[in-house]
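Take a look at the letters that make up each chain.
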Amino acid sequence: MNSKSNKIIKGILIFSVTLLSGFGITALSFNLFDALTQNQMRLLFAVDILLIIAVGIIVWFIYESGKLKKKKQKEFEQRHNERVKAKNAQMKDIEIIIAKNKYAA
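To continue, consider the overall build of the chain. In terms of regular secondary structure, the chain is built from 2 helices and 0 strands. Relative to the 2.2 N^0.38 estimate, which gives 13 Å for 105 residues, the radius of gyration of the chain is 29 Å and therefore markedly larger than a compact globule would have. In terms of overall dimensions, the chain has a C-alpha envelope of 95 × 30 × 15 Å along the principal axes. Out of the 105 residues in the chain, the part that is buried amounts to 4%.

Here it is in structure tokens:
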């Protein structure tokens, strides 16, 4: 599959998992509303918010690590290309000197 379809599939997957988990956590909170005391509901709400924040941070770190890997790979390729160009220029200069002086190998 190409890159565009992979991005679409990943986006749909992330959306559906986020939607289902958010719906599940919210449904649990509302189903327990009558059975819990006010302090227990506050604790459940705090845990709910902390879980949502934790999942968001984890997804963000995964996304950023992917971007960082791509950036490092691009920088490596750029440095490699610069070294190859410098080596080719040096070899070209050597070939010019040899051609001018007509040295035999």
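Back to the write-up after that little detour.
The grouping of Phe45, Ile49, Ile53, Ile57, Trp60 and Phe61 at the surface amounts to a nonpolar patch, some 630 Å² of accessible area in total. You can see Ile53 is positioned in helix α2 (residues 38–101). The exposure class assigned to Ile53 is partly exposed, which follows from its relative accessible area of 45%.

Turning to its location among the elements, Thr18 is positioned in helix α1 (residues 3–31). C-alpha separation for the pair Thr18 and Val55, spaced 37 residues apart in sequence, amounts to 9.1 Å.

This part is about the environment of Asp48. With respect to the secondary-structure elements, Asp48 resides in helix α2. Considering only alpha carbons, one finds Asp48 and Leu28, 20 residues apart in sequence, at a separation of 9.8 Å.

Another aspect to go through is α2. Across its 64 residues, α2 extends 94 Å between first and last C-alpha, which sits within 8% of the 94 Å expected from 1.5 Å per residue. Listed in full, the buried residues belonging to α2 are Met41, Leu44 and Asp48. Contacts from the buried residues of α2 go to α1.

This part is about a positive patch on the surface. A cluster of like positive charges, contributed by Lys4, Lys7, Lys10 and Lys70, occupies part of the molecular surface. Looking at the positive patch element by element, the count peaks at 3 residues for α1. In this fold, Lys10 is placed in helix α1. Judged by relative accessible area, Lys10 falls into the exposed class, the value being 57%.

About the criteria used
- Residues numbered from 1 in each chain as written.
- Predicted model: local features only at pLDDT ≥ 70, side-chain atom pairs only at ≥ 80, totals over all residues.
- Heavy atoms only, no water.
- Helix = DSSP H or I, 4+ residues; strand = E, 2+ residues; numbered from the N terminus.
- Rg over C-alpha atoms; globule rule 2.2 N^0.38 Å.
- Buried < 20%, exposed > 50% of the residue type's maximum accessible area, 1.4 Å probe, protein only.
- Patch = residues over 30% accessible without salt bridge, like charges linked within 9 Å, V, L, I, M, F, W, Y side chains within 5 Å.
- Areas by Shrake-Rupley, 256 points an atom, 1.4 Å probe, with all protein chains shown as cover.
- Salt bridge = Lys/Arg side-chain N within 4 Å of Asp/Glu carboxyl O.
- Expected span 1.5 Å × (residues − 1).
- Contact = heavy atoms within 4.5 Å.
- Lys, Arg positive; Asp, Glu negative; His and termini not counted.
- Charge placed at Lys NZ, Arg CZ, Asp CG, Glu CD.

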